[in-house]
Structure formats: structure tokens, C-alpha cells
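# A closer look at the structure
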Amino acid sequence: MPDIYFLNGQFVSLENARVSINDRGFQFGDGIYEVIRTYHGRIFHLDEHLKRFEKSAREIDLPLPFSRPEMKKAIEEACLKSGYPMAKIYVQMTRGEAERSHAFPAGIKPTFIMTVLKLSPFSPALKASGIEMITTEDLRWGRCDIKSLNLLPNVLAQQKAKKAGVYEALMVRNGKVTEGSISNFFMVKNEAVATPPLSAFILPGVTRDLVLDIARSLKMKVIEEDIPAEEIYRADEVFLSGTTIEIAPVIKIDGKPISNGRPGAITQTLMKEFEAIALRE
Ligand code: PDD
């Protein structure tokens, strides 16, 4: 089962997967990406990811050279070639190669890359015990709804979490929770599932959407409202959502236990339903 590398329409070896030093993705972070996964060889929520990819492209004025069916075909072919039952698919499009100048030249050809690698599932032990996280200032720009390559603040936040020996860093902007460095934030209070509303300050997570659908289908109360940072420590339950972490219970924030310090009942119900859907689809 090989790792797959795809560059501008061709399957290539890692050694031959080379991009110019003049690529604007490299020089400016001028591009967009998606992280998608498979369950037992089936690509999970591909349309939702491609829809967001297309939206990100529109928002940065990057005309996509491929249609949705063409993208799907390439991704499906890459997954089949890899043969991994659980794969992590990374797709990235940059504005392409041009001599360095901030404004982009007309007629430039985008650079498209895709990798399909083996996905190690999120640790079942951590899923069962719950994870810890810290809070940190949200240092990102004003369009976090675009899945852009400019991830330095996320990288620094994740590094801070690693240094603190915890799994994730939750970002706080103007006293309100936004999201994790690689995940969306949820909390449960008085049996209602609350999450920050969609805005320019969070990524519209594919998993976030699914969690909200599941919660609504189970007749849970759902609240999409700003969450003051100080309220999170008083939550009954906290969890995160994301393509790679799926739904992960959070049991401690900044060293303070959430409720009794164990994954909550509503979180576990959502996790079970999520797993059923992921394995069924
Ligand atoms: N990140 N928020 C941020 C900042 C993210 O980077 C991600 C995912 C999410 C969750 O979105 P989704 O449910 O669509 O995966 C939220 C991916 C996995 C990454 O950058 O590796």
C-alpha cells in the first residue's frame, strides 16, 4: 500500500514531487487546502469538503482549473491507488509560480498537489479518557472562515499546547472562544449543546456541521452563540470536533477539570452516533 503523491495532474514519486521556489504558496502562503479522510476505503463527506474548497478559492480570487467531478475523480483514483482503508487525503492549491511580487500576475497557472497517506486513528485510549487543552490568544487574521495556507498562528498555538503537554490549544479573541488550532469547539451546559456561531473568525468545520445535525436529530437543544472565555470552565461538558479528531471529549482546560473531570454523557452519545454514521456512509 503506497503513499500517494499527485502534482498538477500526475501521480509522481515523493522524490519527483517538486515545486518551484517561486511558487506563491511557498513565498506568500497564497493558497488553500482541505484535509479529508476515509473510513474503510470510503471517502467521508467529500462533497462538503470540496464545496468548502471551492468557496475558499472564490474568496481569495483563485479560479479553480478543475470542476467538482474532475476533483472527485482524481481524489477517488488516488485513494484506490493507495489502498489504505483509513487514509488522510491532503489537497492544496496555490496561485502558482511567478516572480515574487505581492499582487498576483494575470494568467498564472495554479499548482495543485494531493497526498494520500495512512491515517493513524485518534488514540482510542485518549478518546475514552478525554483530552486536556490550554487557552491561548487568537492571533489569526480576519478571515479564518477561509481554509488558507497561512497557518502560522495555528502552528504556534499547537506548539504551545505540545509544550504544555496537552492535546489542543483553544483560541480566544476579544474575550470570546473561537476554535482550536485544528478543531471546532463545543460545550454542553444544562443539556444544551453550544458552539460559537459561523463568522469570519472560525472555520465552518465539516465535522462541526455534522455534530450539529446529529444533535438536532437526537432532539438535543442546540445553541450557536458567542461563548465568553470565562464560561468554559463552568461547562458541564466540553468537546472538540474535526476531521482527524472526530469528536474528542475535553476533561481539563488550563489545568482546571471540567465538571467531574470525565467525558460527559451527551458527548459520549454524540460520539457513538458519529461513529455509526462514519462507519455506515
Ligand atoms: N483542520 N478549525 C480549524 C482551525 C481547523 O484547522 C480544522 C481542521 C477544523 C475542523 O474542520 P473539519 O471538521 O472540517 O475538519 C476547525 C484540519 C484537520 C487540518 O488543518 O489538519
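Counting restarts for each chain: residues are numbered from 1 in the order of the written sequence. Only residues with pLDDT of 70 or above have their local features reported here, since the model is predicted, and side-chain atom pairs are shown and tallied only from 80 upward, although totals for entire chains, interfaces and linings are computed over all residues. By convention in this description, side-chain values take in all heavy atoms of the structure and omit both hydrogens and water.

## A few points about the nonpolar core
In plain terms, the rule: Only buried Ala, Val, Leu, Ile, Met, Phe, Trp, Tyr and Cys residues count toward a nonpolar core, and they belong to the same one when joined by side-chain atoms within 4.5 Å. Each residue is assigned to one of three classes by its accessible area relative to the maximum for its type, calculated with a 1.4 Å probe on protein chains only: buried under 20%, partly exposed between the two thresholds, exposed over 50%. Per the convention used, a helix needs a DSSP run of H or I reaching at least four residues, while a strand needs a run of E reaching at least two, with both numbered from the N terminus. By definition in these notes, contact holds between two residues if any of their heavy atoms fall within 4.5 Å.
Among the nonpolar cores identified, the biggest contains 24 residues, and Ile32, Ile75, Ile89, Val91, Phe112, Met114 and Val116 are the most heavily contacted of them. Counting residues per element, the ones that place at least two in this core are β1 (4–7), β3 (31–39), α2 (46–59), α3 (68–82), β5 (87–94) and β6 (111–118). Here this core takes 5 residues from α3, the largest share from any one element. With residues near it in sequence (within four places) discarded, Met114 still touches Ile4, Tyr5, Phe6, Ala74, Ile75, Ala78, Ile89, Tyr90 and Val91.

## Considerations on the site of the ligand
Test applied: We define proximity as follows: a residue is near a molecule or strand when any one of its heavy atoms falls within 4 Å of that partner. Distance and chemistry together define a polar contact, namely a pair of N or O atoms within 3.5 Å, with one atom able to donate a hydrogen and the other to accept it when in protein, and with adjacent residues in sequence counting only for side-chain atoms on both sides. To measure how exposed things are, a 1.4 Å probe is used in the Shrake-Rupley method; for residues, cover is taken only from the protein chains shown. Residue ranges for the domains trace back to a domain assignment, done automatically or taken from a database.
As a matter of local geometry, the ligand sits amid 19 residues, with Tyr33, Glu179, Val206, Thr207 and Thr243 nearest to it. A distance of 3.3 Å separates a nitrogen atom of the ligand from a polar atom in the side chain of Lys147. For the ligand, whose unbound accessible area comes to 480 Å², protein coverage reaches 92%. Formed jointly, the shell around the ligand draws a minimum of three residues from each of two domains, domain 1 (4–118) and domain 2 (124–280).

## A word on the domain arrangement of the chain
Here is the rule: Buried area is a sum: the accessible area each of two parts loses on coming together, probed at 1.4 Å, counted once for each and added.
Segmenting the chain into domains produces domain 1 (4–118) and domain 2 (124–280). Taking only C-alpha atoms into account, the centre of domain 1 sits 26 Å from that of domain 2. Taken together, the 26 residues of domain 1 in the interface contact 21 residues of domain 2. Carbon and sulfur atoms supply 61% of the area that domain 1 and domain 2 bury against each other, a total of about 1900 Å² over both sides. Contact with domain 2 buries surface across domain 1, with Tyr33, Tyr39 and Arg52 losing the most and accounting together for 32% of the total.

## Here we look at a negative patch on the surface
Which entries qualify depends on this criterion: Patches in this entry comprise residues that are over 30% relatively accessible and not in a salt bridge; like charges within 9 Å are linked, as are nonpolar side chains (Val, Leu, Ile, Met, Phe, Trp, Tyr) within 5 Å. Here, a salt bridge means any Lys or Arg side-chain nitrogen found within 4 Å of an Asp or Glu carboxyl oxygen. Under the convention used here, Asp and Glu are negative, Lys and Arg are positive, and both His and the chain ends fall outside the count. For charged residues, the charge sits on one atom: NZ in Lys, CZ in Arg, CG in Asp, CD in Glu.
The grouping of Glu48, Asp209, Asp213 and Glu281 at the surface amounts to a negative patch. One can find Glu281 in the segment after α7 (265–280).

## Examining unusual backbone geometry
Even without glycine at this site, Asp61 takes up a positive phi of about 60°. Take Asp61: it is sitting in the loop between α2 and α3.

## Let's talk about the environment of Gly142
Of note, Gly142 is situated in the loop between β7 (131–137) and α5 (152–163). For the pair Gly142 and Ser199, spaced 57 residues apart in the sequence, the C-alpha separation amounts to 9.7 Å.

## Description of the sheet that holds β6
Heads up, the condition is: A pair of strands counts as paired when DSSP detects no fewer than two bridges linking them. The axes used here are C-alpha line fits, helices contributing only the stretch in contact, and every angle between their N-to-C directions lies in the interval 0 to 180 degrees.
Across the sheet, which stays open at both edges, the 6 strands sit in the order β2-β1-β6-β5-β3-β4 with antiparallel pairing between neighbours. If you trace the sheet from one side to the other, it starts and ends with β2 (10–12) and β4 (42–43), each paired once. Here β1 pairs with β2 via 3 bridges, running antiparallel. Bridged to Tyr5 within β2 is Val12. Packed on one face of the sheet, α3 meets β1, β2, β3, β4, β5 and β6 and runs near 35° to β6.

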